[in-house]
Amino acid sequence: MARWEVMARYDWEALKREFLLGNYESLRQFAKVKGLGYAHLRRKAKGWLEEKSQLRAQKERKIAEGLLEKQIKQEIDWNLAHLEAWGEFLNIVRWALKEFRKHFVSEKTGRLNPYALEKAANVLKMAQEGQRKALGLDEKTEKDDGSLKELAEAIRGSLKALGDGE
């Protein structure tokens with residue numbers, strides 16, 4: 001068999017595609033799996049390793065971009081959920097302020113209850129801070145983990161003050 005007959009029997013474009021897209025670590029491994037002569041393959045496959053390396057780098061970049069997009073979407077969804085929750089909470093605070101006399105003025109004395117007003121002001125302040133953080137207007141700090149605990153305590157204090165009426 002003449003040399004040109006051996007070379008003609010292989011579909012080099014198909015082999016190149018298979019090597020580039022396959023999990024072959026080297027030309028030697030590919031030649032062994034395909035039953036090709038390594039020396040012959042090496043002559044025909046000039047630049048395949050570099051091209052495979054470029055494809056691998058491109059694939060890794062796209063994977064990283066995809067993961068980043070998913071993380072960004074998740075963070076947006078969380079921030080929207082936080083904004084919605086803070087908005088609902090702010091509506092409760094606004095309702096309490098509209099019902100001012102009922103919650104902040106003593107029925108017995110007709111005087112303002114400074115304790116209840118202070119607690120309501122603290123709750124409103126925390127609600128605003130929470131919204132600002134969810135919107136990304138303020139930097140998040142190490143103290144963020146305690147914010148919910150502080151808010152819960154402020155709400156309990158407000159409810160207690162509102163329940164006392166004085």
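Residues numbered from 1 in each chain as written. Predicted model: local features only at pLDDT ≥ 70, side-chain atom pairs only at ≥ 80, totals over all residues. Heavy atoms only, no water.

1. With respect to the nonpolar core
Working step 1: Counting residues in each nonpolar core, the largest one holds 13 residues, and the members touching the most others are Leu15, Phe19, Phe30, Leu36, Leu41 and Trp48.
Working step 2: When contributions to this core are tallied by element, the ones reaching two or more residues are helix H2 (12-21) and helix H3 (27-34).
Working step 3: The element best represented in this core is H2, accounting for four residues.
Working step 4: For tryptophan 48, the contacting residues outside a window of four places in its chain are Trp12, Leu15, Lys16, Phe19, Leu20, Leu27, Phe30 and Leu41.
Working step 5: Ranked by size, the runner-up nonpolar core spans seven residues in total, among them Val93, Val123, Met126 and Ala154. (Core = buried A, V, L, I, M, F, W, Y, C linked by side-chain atoms within 4.5 Å. Buried < 20%, exposed > 50% of the residue type's maximum accessible area, 1.4 Å probe, protein only. Helix = DSSP H or I, 4+ residues; strand = E, 2+ residues; numbered from the N terminus. Contact = heavy atoms within 4.5 Å.)

2. Remarks on the environment of methionine 126
Working step 1: Tracing the chain through its elements places methionine 126 in helix H7 (residues 114-135).
Working step 2: For methionine 126, a relative accessible area of 16% corresponds to the buried category.
Working step 3: Considered as a pair, methionine 126 and leucine 90 are 36 residues apart in the sequence and their alpha carbons are 9.9 Å apart.

3. Some words on the packing of aromatic side chains
Working step 1: Scanning all chains against the criterion turns up five aromatic pairs.
Working step 2: Plain terms: the ring middles of phenylalanine 19 and tyrosine 24 are 6.4 Å apart, the flat faces sit at 15 degrees to each other, and that makes the pair stacked. With respect to class, phenylalanine 19 is no different from tyrosine 24; both count as buried.
Working step 3: Centre to centre, the rings of tyrosine 24 and phenylalanine 30 are 4.8 Å apart; their planes meet at 75 degrees, and the pair counts as edge-to-face.
Working step 4: In this structure tyrosine 24 comes out as buried when scored by relative accessible area, which is 14%.
Working step 5: Within the aromatic cluster, the residues linked to one another by ring pairs are Phe19, Tyr24, Phe30 and Trp48. (Phe/Tyr/Trp six-rings, centres within 6.5 Å; stacked < 30°, edge-to-face > 60°.)

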